[in-house]
Amino acid sequence: MEIRPNLQERLDPDDVARIHGFLSQTYWAQGIPRETQERALAHSICYGGYVDGELIAFARAVSDRATFAYLADVFVLDAFRGRGFGRAIVAALMDDPALQGLRRWHLVTRDMHKLYAQLDFEPLTQPELHMQRHDPDVYRRAPAG
């Protein structure tokens, strides 16, 4: 797999379609509008994994590039899973020069704890200090106005 950094600066329309097509079917971004997905990509640090010129893996970080990063939208297409591509793309993203020296990385996952533990993620040590404002149905509602 060839890993391409800073994908947000040069996303091919076919790659955007593939990213949106995959993510819009996931449990965490189901139904995300394409315009919303494009805005998220433009304001993130994005890495793509390619085999034979085709995007097969993706990861992005939302960050202030000084203190904090949120790891989001990591995926590997089904046909390419089990080959270490997920770990490789996340590791490459975390090694990005713009994301060094951060005090905290955060992510939310329902089922990939084992993968992220290999990259030094661990459960919250003080979950009682963390809060969230979560709207899981935001993409299902019609836009306001």
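These lines cover the structure that appears in this document, whether it is placed above or below. Just so it is clear, the model here is predicted, and its values are computed rather than measured. (Residues numbered from 1 in each chain as written. Predicted model: local features only at pLDDT ≥ 70, side-chain atom pairs only at ≥ 80, totals over all residues. Heavy atoms only, no water.)

1. Notes on the sheet that holds strand β5 (residues 104–106)
Logical step 1: A sheet is described by the order of its strands in space; here 5 strands give the open sequence β1-β2-β3-β4-β5, paired in mixed fashion. What marks the edges here is a single partner per strand, and that holds for β1 (2–4) and β5. In this sheet, adjacent strand axes meet at a mean angle of 20° when their direction is disregarded.
Logical step 2: Both strand β3 (residues 54–63) and strand β4 (residues 68–76) contribute to a ladder of 6 bridges, which runs antiparallel. Note on β4: the bridge partner recorded for arginine 60 is alanine 72. (Pairing = 2+ DSSP bridges. Helix = DSSP H or I, 4+ residues; strand = E, 2+ residues; numbered from the N terminus. Axes fitted to C-alpha atoms, helices over the stretch in contact; angles between N-to-C directions.)

2. Section: the packing of helix α1 (residues 13–23) against helix α2 (residues 34–42)
Logical step 1: Between α1 and α2, whose axes approach to 10 Å, the crossing angle comes to 115°. With respect to α2, the element α1 is oriented roughly perpendicular. Where α1 crosses over α2, the handedness of that crossing is right-handed. Contacts from Pro13, Val16, Ala17, Ile19, His20 and Leu23 in α1 reach Arg34, Gln37, Glu38 and Leu41 in α2. (Parallel < 35°, antiparallel > 145°, perpendicular 65-115°, else oblique. Left-handed = near helix turned anticlockwise from the far one by under 90°. Contact = heavy atoms within 4.5 Å.)

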